[in-house]
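Structural overview for review
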Amino acid sequence: MTLPAALWIIVFRYITLVGLGIAFIDYRPRRGIFGSEFVGLRNFEFLFRTEAALRATRNTVLLSLLFLVVGMVVALTVAYMIYQIYSSRMTKYYQTVLLLPNFISWVIVSYFVFALLATESGIVNVMLRNMGREQIAWYSSPQYWPFILLMAHMWNSLGWSSLIYLAAMLGIDPQLYEAATLDGAHKVRQFFSVTIPLILPIVTLNFLLGLGNIFAQDFGLFYQVTRNRPQLYPTTDVLDTFIYRSIAGLGNIPMASAAQFYQSVVGFTLILTANWLIKRTSRSDQDLSIF
Amino acid sequence: MSTHTNAAATVQKPRRKKQSASLQGSPGVRIHSRTLRLTVHIILAAIAMTALAPFLIIVSSSLTSEQSLVVDGFAIWPRVIDTTAYQLIFERPERLYSAYSVTIYVSLFGTVLALLFMSMIAYPMSRAQFRYRKFFNLFVLIPMLFNGGIVPYYILVTQFLGLRNTLTILFLPPMISFYQIILLRAFFVQIPNEMFDAARADGAGEWRILFTIVVHLAKPAIATMALMTFLSYWNNWTTALYFIDNWRLYPLQYLLHQLMRDAEALALEPQLGGQALPTNAVRMAMAVLATGPAAAIFLVFQKYLVQGITLGSLK
């Protein structure tokens, strides 16, 4: 009964895991994996000598951290606001509308970001023109892109993440809020003294999982929304796009495989560390660690 | 892993229900001040509008003449309604129809196979008496944590499986989601053992139990997952980016990606512009036609999605 899924997992996950080993050979498609020469760490030497690899690492880590922290703060705030008006009929509509972007592909996102930011006809530049300000060539100005990517990320993920926190908030005993109100605590105070402490396990879990995934990014966001513009690479090129470009654009599989090995191993180490931290921080009666 | 997950799933579900019900009438939780309530509503409505605005921009641009897009730029609201873009598409619809049939075929077939295969591994994993349960838990866990990434995957598919430019590659790799296996298992675990004992006493085999009892009892969970799987197939363009270069096999999202690329190539090298390449309005109209069905399906079934995500978040 388990056979079809197990076969799939072996082929697409375990074999590719073993396949990470090609990082140590000078892979030539014509000679095949077993005919190619073993070169030890040479591919890694080439990799880390390129500035692009270091830049991609830096961008990956910094953008992940930015998304993680801002995403968490905004999602918690929005969840708390929805919680406050939970009995309202509007709640349903807010949730639905916020969740919709999660099911829209990055290709479509790149379409409307283009409609907003196109140099001649984009909505933002038309507005700047009407206000008598100078227009900005968005697609060749890398300095704005961390913020633009953050916006696109938030647009996509806010519904889902706030829903998860809202579910946790609904599990809190309402009497605690009644007691806090009687003690004179206002809503903001209640958020920090009642809500946050009680849903802390879920918050910690999500935060640590996010830290563990810091090396993996959403390829579509960085590839589609930036329209893969080389002028934007200084702030938008992450490991996933770097690896993809090494295979597709340059056909440099040794370099790509070294980068892939580096990404997978560091990612794995980070997840193990995150799990260990979750084990350390969670109380004994509710172990939230993943394994 | 399994023990605390299971316990949490069984214990938390009913308790949460009761509390959200009592929430409605409890005075301490809701905001009393009307101004504060109104402020919260205004903020949330503004966020919701921001979530919707991009859809408006795309629809409005698709209903604007190319002339107006060039002269006045894109806008949230069309200045003059003009359906030329749609007429142009339906004058020569081969590429659109081809992409539609690829996407529909892959999404439907992929979703059915995915749910079948995932239930078939999640069901044994959910039963305490299954002998290899521990092994399978580990077997599913390792690839969740340690991912080989796209380089070995690319070589595997192109050099060893020879699946480049086939329909198979479009639905095969995105099929199994570990997150969904874990979720399904959590749902199956909640089914009381007595059900299975009774079925076995009546002479039902494991296959029969899975396809009658388990699937029947986990219907809401399976429906949620079917929806998520279907939409993720519908939105998938990366698989085609890696492995497809025959336009007859382009799924919708990849067709959109290619339209954008063609337009950029034209902008860079105007001498290529012998044939009429899609204009901005036509591309936006294509985006509407490609997203419309997915958005409609989402809106019809979103109630189940909200439930599914909420349950899944608490495992």
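Residues numbered from 1 in each chain as written. Chains lettered and ligands numbered in written order. Predicted model: local features only at pLDDT ≥ 70, side-chain atom pairs only at ≥ 80, totals over all residues. Heavy atoms only, no water.

**Quick look at the overall build of chain A**
Quick note on the threshold: Labels follow the DSSP assignment, with helices taken as runs of H or I lasting at least four residues and strands as runs of E lasting at least two, numbered in each case from the N terminus. For each residue, the accessible area found with a 1.4 Å probe, counting protein chains only, is set against the maximum for its type, and the residue is called buried under 20%, exposed over 50%, and partly exposed in between. In this analysis, two residues are considered to be in contact whenever any of their non-hydrogen atoms come within 4.5 Å of each other. With residues, only the protein chains shown are counted as cover, and all accessible areas are computed by Shrake-Rupley using a 1.4 Å probe.
Of regular secondary structure, chain A possesses 14 helices and two strands. Within chain A, the fraction of its 291 residues that count as buried is 56%. Considering only contacts within chain A whose residues lie at least 6 apart along the sequence, 66% involve residues at least 24 apart. Of the roughly 12,900 Å² of accessible surface on chain A, 65% is carried by carbon and sulfur atoms.

**Concerning the packing of aromatic side chains**
Residues and elements named next belong to chain A. Just so we agree on the cut-off: By convention, a stacked pair of Phe, Tyr or Trp rings (six-membered ring in the case of Trp) has centres within 6.5 Å and planes under 30 degrees apart, an edge-to-face pair has planes over 60 apart, and any other such pair is tilted.
Scanning all chains against the criterion turns up 44 aromatic pairs over all chains. Ring geometry for Y83 versus Y177: centroids 5.6 Å apart, planes at 40°, classification tilted. Of this pair, Y83 sits in helix α4 (residues 51–84) while Y177 is found in helix α9 (residues 174–182), placing the two residues 94 residues apart along the sequence. There is no split in this pair, since Y83 and Y177 are both buried.

**Some thoughts on the interface of chain B and chain A**
As a reminder of what qualifies: In this description, buried area is defined as the sum, over both parts, of the accessible area (probe of 1.4 Å) that is lost when the two are combined. Any carboxyl oxygen of Asp or Glu that lies within 4 Å of a side-chain nitrogen of Lys or Arg is treated as forming a salt bridge with it. Definition of a polar contact: a pair of N or O atoms within 3.5 Å, with one able to donate and the other able to accept a hydrogen when the atoms are protein atoms, and with sequence-neighbouring residues admitted only if both atoms are side-chain atoms. Each residue is assigned to one class: nonpolar for Ala, Val, Leu, Ile, Met, Phe, Trp, Tyr, Cys and Pro, charged for Asp, Glu, Lys and Arg, and polar for all the others, Gly among them.
With 103 residues of chain B in contact, the opposing surface of chain A contributes 94 residues. Taking both partners together, chain B and chain A bury about 9,000 Å²; carbon and sulfur atoms supply 77% of that area. Across the contact surface, chain B and chain A share zero salt bridges. Remark: the boundary between chain B and chain A carries 15 residue pairs in polar contact (both at pLDDT 80 or more). A total of 16 residues in the side of chain B that touches chain A trace back to one element, the largest contributor, which is helix α2 (residues 34–62) of chain B. Grouping the constituent residues of the side of chain B that touches chain A by class yields 72 nonpolar, 22 polar and nine charged.

**Re unusual backbone geometry**
In this structure, A:N228 takes a positive phi of about 50° despite not being glycine. Examined against the element boundaries, A:N228 turns out to sit in the loop between α11 (219–224) and α12 (233–236). In this structure, B:N165 is a non-glycine residue whose phi angle is positive, near 55°. Along the chain, B:N165 turns up in the loop between α7 (150–161) and α8 (167–171).

Interpretation note: all reported values are geometric properties and have no functional meaning in isolation.
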